[in-house]
Amino acid sequence: MAEGYDTTRFHSTIDEGFVCCICLGVLQDPKQCENNEHYFCSGCIKKHLEKTSHTCPVCQDKLTVETLRKAPRIVADCVSRYKISCDHAARGCDAVLELGALQAHVQDCDFMPVTCSNEGCDEVLSKRDVKQHELDLCRFKITTCDDCGEKMPRHKFGAHGCVLRREMDEVKKDLAEMKAMQHEMMTCMQRVMIAVESLQKSANFKNTEIAVIAGWNLNTKKCLSSVERFNLLNQTWTQLPCLKIARSDSAAVMFKNQMFVCGGVNDSGALLDSIEVLDLNGNPPEWDKFFVNLPIKVSAHKCVVHVNSLLIIGGETKPGETLDTIYELLLVPPYSSKLLCHMKKKRAFHGVEFFNDKVLIAGGVGAETDVEIFDIARNECVQMPPLPSPVRCMGTVRRADTMLLIGGMENNKASKKIIEYDFKTGQSKVLLAMKMGRTDCSCVYRGNTLVVISAGVVDCFNFLSNYWKSLPSMGETRAFASAVVVNKKNLEF
C-alpha cells in the first residue's frame, strides 16, 4: 500500500500540513479522519486502523477504514504541484518534475532498472543502456560460428573447436616463420635492441619530471589545488600553476602534451565531473576547464588514454558505492561519451596499467584480490588469476610485461609489499618490501628506478643496484594525489 514520499526528494518547501504524521513523508493518496480533517497517506492510515487501533492517531476520535474520508481535492492539487526528484535519481536520472507528473515519467524513465533479456544473464541495467548491453556487451548473447553454423553464448565462443583450430593454425604458421629466420640475424637484432633500450632508459630518466597534482592535505584536512613537480635528475621540487578547483581522489593523464585532471571530490565531499587541462605549450601555462565534463561524477577512479579517447574505469559515486563501469570520453571533437563495458567486479581505489590494447585492472575496494583485463578491441573484460593477498589504495606502475602494486591497505594495515603481477601469464609474487608501510602512493618507474611518493615522503628503489634511497620531501604533505610523468623539456617555462 502507498506510503508517503521521502521529503528529501523534494525541491520545493513542504507545508507541514501536507506531511503524513505516521510515516513523516509527503502525502500520497491523502485521506482524512471523519471529524477533524487530519490528513494521512491512504496506505499509512489503513495499516494503522487494521493492525494497531481504531482511532485517529492525532485526535483519538473513533475511526475505521469504512469511515475514512477522501481528503479535499485542493489538498491533492497542492501536493501534486511540489517539485520532486525521479524515483531513479540514485541510478543517474536528474529529472525534477511536479509530483503529479512523476508516475508517467517513472514508467518511461531512461534510468528505470531493466533485466537483460538474453537467456542466462541476470544483469540489471538502466533502460537506456540495456539495448547496447544485449547487442554488444552481454556474455550470453547468442553467436553463430561462421564455419560450422553452431549457435552458442558469446562467452563460450572462445573455447569453440573451430576457433581453437584457427588459432592453432595461426600459431603453427608463426612458428614456421620464426624457424625460417637466420640465427645470426636474430642475435644481431637482440644486441641492437638491448643497446637502444639502455640508451633510451638513460635519456628518459634524465628528461623525466613527475607532476603530483592536488590531493588531501594531511595537516589542514582540506583538499589541495597546488601542483608540484619533481626533477629526477636534480632531485628538486618546484611549483606548477594551481588548479582552479581544489580536489582529492582525482585521476590524471597526459594527452598531446597536455595534463588532464579528471573528477574527484571537493572539501564539502561533493563528487566532481569537471576536467581541468594544463597545456604545457602555453605561455604562460595555466589550468583551463575542458570543453566537456566526465559522463559521471566520480572519485577514486582510474583513467587511461587510448588513441584519442579517455577511458574512465571504476570509482565511487558516493562513499561505499563503487562502480563496475568503463566509460569512454573522446578528447577530440565531437567530445562524445558512452558506456563501453561493465567489469567483473565493482571497485574503487584500485590499480590500472595499460598494455598495448588491453588494460590490466587489479585490487581495490570491493575487489581486493580480483584481477581482470579489459580488452579494448573486443570491448569485454576477462577474469585473471587473483593477487596473492588483498590490497586497495595502492600505487601501480608498469614494468616491462608486469604490473607492480606498491603498498596500499592490506587487512586495514598499510602494506610494505611490492607485488609483481605478470600481464601475460597471470602469475604473481611479492617482489620486494619497502622500509615502511605506504598507502595512497603516487608512483613512477623510469630507467630501472622506482619512485614512490606517499604523504609527502619520497623514496626510490634502483633495480640494478638493488637498494632503497630517500629523496627530498614534497613542499606539502598530501595524500590521495594523482601524478603524471612529463618529459622535462616540456616543463621549461
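Residues numbered from 1 in each chain as written. Predicted model: local features only at pLDDT ≥ 70, side-chain atom pairs only at ≥ 80, totals over all residues. Heavy atoms only, no water.

Per an unreviewed UniProt entry, the protein is named E3 ubiquitin- ligase NRDP1, and its organism is Paramuricea clavata.

A. Quick look at the overall build of the protein. Along the protein, the regular secondary structure elements total seven helices and 36 strands. Summarising its shape, the C-alpha atoms of the protein cover approximately 100 × 65 × 45 Å along the three principal directions. Of the roughly 25500 Å² of accessible surface on the protein, 51% is carried by carbon and sulfur atoms. With 60 positive and 60 negative side-chain charges, the protein shows a spacing of 4 Å between the two charge centroids. (Helix = DSSP H or I, 4+ residues; strand = E, 2+ residues; numbered from the N terminus. Areas by Shrake-Rupley, 256 points an atom, 1.4 Å probe, with all protein chains shown as cover. Lys, Arg positive; Asp, Glu negative; His and termini not counted. Charge placed at Lys NZ, Arg CZ, Asp CG, Glu CD.)

B. Main features of the pattern of salt bridges. Per the counting criterion, the structure on display carries 17 salt bridges. Salt bridges sharing partners connect three or more residues here, namely Glu-228, Glu-476 and Arg-478. (Salt bridge = Lys/Arg side-chain N within 4 Å of Asp/Glu carboxyl O.)

C. Looking closely at the sheet that holds strand β3 (residues 69-70). Strand order in the open sheet made by the three strands is β2-β1-β3, with antiparallel pairing throughout. A strand with exactly one partner marks an edge of an open sheet, and here the two such strands are β2 (39-41) and β3. The pairing of strand β1 (residues 30-32) with β3 spans two bridges and is classified as antiparallel. Looking at β3, one finds that Lys-31 is bridged to Lys-70. Packed onto the sheet, helix α1 (residues 42-51) meets β1 and β2 and runs at close to 90° relative to β2. (Pairing = 2+ DSSP bridges. Contact = heavy atoms within 4.5 Å. Axes fitted to C-alpha atoms, helices over the stretch in contact; angles between N-to-C directions.)

D. Expanded view of the side chain of Arg-438. For Arg-438, the location among the structural elements is in strand β30 (residues 428-438). Sequence-distant contacts of Arg-438, defined by excluding residues within four places in its chain, comprise Gly-407, Gly-408, Ala-414, Ser-415, Val-452, Ser-454, Val-457 and Asp-459.

E. How the structure looks around the sheet that holds strand β34 (residues 467-471). With antiparallel pairing, the four strands of this open sheet are ordered in space as β31-β32-β33-β34. Of all strands in the sheet, those with a lone pairing partner are β31 (442-446) and β34, marking the two edges. Taking each pair of neighbouring strands and ignoring which way they run, the sheet shows an average axis angle of 20°. Two elements, strand β32 (residues 449-454) and strand β33 (residues 457-462), share six bridges in a ladder whose sense is antiparallel. Pairing of Leu-450 across the sheet is with Phe-461, part of β33.

F. Representation of unusual backbone geometry in the model. With an omega of 10°, the peptide bond between Pro-333 and Pro-334 qualifies as cis. By the element assignment, Pro-334 lies in the loop between β20 (321-330) and β21 (337-347). Unlike most non-glycine residues, Glu-37 shows phi in positive territory, near 55°. Along the chain, Glu-37 falls in the loop between β1 and β2. A relative accessible area of 42% means that Glu-37 is categorised as partly exposed. In this structure, Ala-300 takes a positive phi of about 55° despite not being glycine. Relative to the elements of secondary structure, Ala-300 occurs in the loop between β16 (287-289) and β17 (302-306). (Buried < 20%, exposed > 50% of the residue type's maximum accessible area, 1.4 Å probe, protein only.)

G. Geometry of a nonpolar patch on the surface. A cluster of nonpolar side chains, namely Met-168, Val-171, Leu-175 and Met-178, defines an oily patch on the protein surface of about 390 Å² accessible area. Within the fold, Val-171 resides in helix α6 (residues 161-180). (Patch = residues over 30% accessible without salt bridge, like charges linked within 9 Å, V, L, I, M, F, W, Y side chains within 5 Å.)

H. View of the pairing of β33. Linkage of β32 to β33, two consecutive antiparallel strands, is achieved through a turn of two residues, within which Ala-455 is found at a positive phi near 55°. Sheet topology note: the β33/β34 ladder contains five bridges and is antiparallel. Bridge pairing in β34 links Cys-460 to Lys-469. Here β33 folds back onto β34, and the loop between the two strands holds four residues, one of which, Asn-466, carries a positive phi near 65°.

I. Examining the domain arrangement of the protein more closely. By domain assignment, the protein separates into domain 1 (7-108) and domain 2 (208-487). One C-alpha centre belongs to domain 1, the other to domain 2, and the line joining them spans 48 Å. (Domains from an automatic or database assignment.)

J. Main features of the packing of aromatic side chains. Tallied over the entire structure, the rule returns 14 aromatic pairs. With 5.8 Å between their ring centres and 75° between their planes, Tyr-445 and Phe-463 make a pair best called edge-to-face. Separated by 18 residues along the polypeptide, Tyr-445 in strand β31 and Phe-463 in the loop between β33 and β34 bring together distant segments of the chain. Note on Tyr-445: relative accessible area 13%, which makes it buried. For Arg-399, the ring lying beneath its charged end belongs to Phe-463, and the centroid distance is 3.9 Å. (Phe/Tyr/Trp six-rings, centres within 6.5 Å; stacked < 30°, edge-to-face > 60°. Lys NZ or Arg CZ within 6 Å of the ring centre and 35° of its normal.)

K. A look at the pairing of β17. When β17 meets strand β18 (residues 309-313), the two strands line up antiparallel, connected through five bridges. When the sheet's bridge partners are listed, Val-305 is paired in β18 with Leu-310. Counting the residues in the hairpin turn of β17 and β18 gives two residues, including Val-307, whose phi is positive at 55°.

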